[in-house]
Amino acid sequence: MVIRDCLDGSRYDVAAQVVLNCTGPWVDRLLSLAQPTADSRPLRRSEGIHLITRPIVKPDSAVSAITPRGRHCFLIPWRGHTLIGTTDTLYDGDPDDYRVTARAIAALIDEVNATFNGLDLTIADVRHAYGGLRPLVGAPEGAVKTETYAASRRFEIRDNAADGLAGLITVEGGKWTTSRALAEKVVDHLRSSTRLVMGQSISARQYLTHSGVREMDLFEKEIAAAHPTVARKTMVCLGRYYGTAYHEILA
């Protein structure tokens, strides 16, 4: 296999027994590049956005509700602000072109205001917005093609040998919040379906990179005390954002 570095154009030859296609919203695009004639099941993309606003809920409170449209909605305290989510809207465009739009922000604001009487949230209250695309596998029988909220978040591990692409395994569906568990299942699949030699997963006992902090409050106090010449607020932010790598930022 030949891969190309999109930053400098360099090309590299890579030899591997198995290639995992775990590209999320781009999974069907990669399959079509590998073999344009391959049978690819429909992958729908669902947009979900979140808003960060002025503080609306108390620091020790979170609110969850069902909107008039029958969807979930939540308001969560987040670093002196309120985090509001989320949407679930069909996205038909190219995932490379995805952006959070003013229309999507306005739609979420309207739904939140319809859910909580007297909130009167406006675009002026929004400090930041971010979003992403969820890959949804196929559509349930009889489902409305434009509906994504009721779609399953299930995942599928598919061997593309049936498409004439031996050595390619595609992971479809899944969601960001469960992606680590999904990755473990993919490795389990490789262990049982290939001749690759590998040990048992240690993922459940491993911290994510620079996240080995058992008690954040204690960690913040310790690093602030270790650097008395730096403002405590700055040290707290560095600890929360970068974990045990905070010292690399200071350096």
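Structural data are supplied above this passage.
The shown structure was predicted, so the numbers you read here are calculated from the model rather than taken from an experiment.

Draft legend 1. Main features of a nonpolar patch on the surface. A cluster of nonpolar side chains, contributed by M1, I3, Y12 and V14, occupies part of the molecular surface with about 360 Å² of accessible area. On the secondary structure map, M1 appears in the segment before β1 (2-4). Judged by relative accessible area, which is 55%, M1 ranks as exposed.

Draft legend 2. Geometry of the pairing of strand β7 (residues 81-85). Of all five residues in β7, four are buried; the element is thus mostly enclosed. Of the pairings in the sheet, the one linking strand β4 (residues 43-53) to β7 comprises four bridges and is antiparallel in character. Pairing of I52 across the sheet is with L83, part of β7. Two strands pair when backbone bridges link them, and strand β6 (residues 72-78) and β7 are joined in this way by five bridges, in the antiparallel orientation. Looking at β7, one finds that W78 is bridged to H81. Between β6 and β7, which follow one another and run antiparallel, lie two residues, and R79 among them has a positive phi close to 50°.

Draft legend 3. Representation of the side chain of T67. Following the sequence through the fold, T67 ends up in the loop between β5 (63-66) and β6. Within the structure, the side chain of T67 is placed 2.9 Å from the side chain of E111, a separation counted as a polar contact. Other than its neighbours up to four places away in sequence, T67 contacts H72, C73, E111 and T115.

Draft legend 4. Fine view of the packing of aromatic side chains. Enumeration according to the criterion identifies three aromatic pairs in this entry. Here Y241 and Y242 contribute two aromatic rings whose centre-to-centre distance is 6.4 Å and whose plane-to-plane angle is 85°, an arrangement assigned as edge-to-face. Taking relative accessible area as the criterion, Y241 reaches 48% and is therefore assigned partly exposed.

Draft legend 5. The arrangement of unusual backbone geometry in detail. Along the chain, G85 connects to T86 via a cis peptide bond; the corresponding omega equals -10°. Relative to the helices and strands, T86 resides in the loop between β7 and β8 (89-91). Positive phi is not limited to glycine here, since R79 has a value of about 50°. With respect to the helices and strands, the residue R79 is situated in the loop between β6 and β7.

Draft legend 6. How the structure looks around helix α5 (residues 232-242). Residues M235, V236, L238 and G239 constitute the buried set of α5. Taken down its axis, α5 places every buried residue within 165° of arc, on the same side. Its buried side turned inward, α5 meets α4 (216-226) and α6 (246-250). Positive backbone phi, approximately 60°, marks G243, located one or two places after α5.

Draft legend 7. Spotlight on the pairing of β5. Here β5 pairs with β6 via four bridges, running antiparallel. Looking across to β6, one finds that I66 is bridged to H72. Between the end of β5 and the start of β6, which pair antiparallel, lie five residues, with G70 showing a positive phi angle near 80°.

Draft legend 8. Spotlight on the pattern of salt bridges. Applying the stated criterion to the full structure yields eight salt bridges. Where R45 meets D28, a salt bridge forms, and the shortest distance between an N and an O atom there is 2.5 Å. Of this pair, R45 sits in strand β4 while D28 sits in helix α1 (residues 27-34), and the two are 17 residues apart along the sequence. Like R45, the residue D28 is buried in the burial classification. In this structure, the salt-bridge partner of D188 is R191, at a minimum N-O distance of 2.7 Å. Here D188 and its partner R191 are both found in helix α3 (residues 179-193), three residues apart, which amounts to about one turn of the helix. By relative accessible area, D188 is classed as partly exposed at 33%.

Parameters and conventions
- Residues numbered from 1 in each chain as written.
- Predicted model: local features only at pLDDT ≥ 70, side-chain atom pairs only at ≥ 80, totals over all residues.
- Heavy atoms only, no water.
- Patch = residues over 30% accessible without salt bridge, like charges linked within 9 Å, V, L, I, M, F, W, Y side chains within 5 Å.
- Areas by Shrake-Rupley, 256 points an atom, 1.4 Å probe, with all protein chains shown as cover.
- Salt bridge = Lys/Arg side-chain N within 4 Å of Asp/Glu carboxyl O.
- Helix = DSSP H or I, 4+ residues; strand = E, 2+ residues; numbered from the N terminus.
- Buried < 20%, exposed > 50% of the residue type's maximum accessible area, 1.4 Å probe, protein only.
- Pairing = 2+ DSSP bridges.
- Polar contact = N/O pair within 3.5 Å; in protein donor to acceptor, adjacent residues only side chain to side chain.
- Contact = heavy atoms within 4.5 Å.
- Phe/Tyr/Trp six-rings, centres within 6.5 Å; stacked < 30°, edge-to-face > 60°.
- Arc of directions from axis to C-beta.

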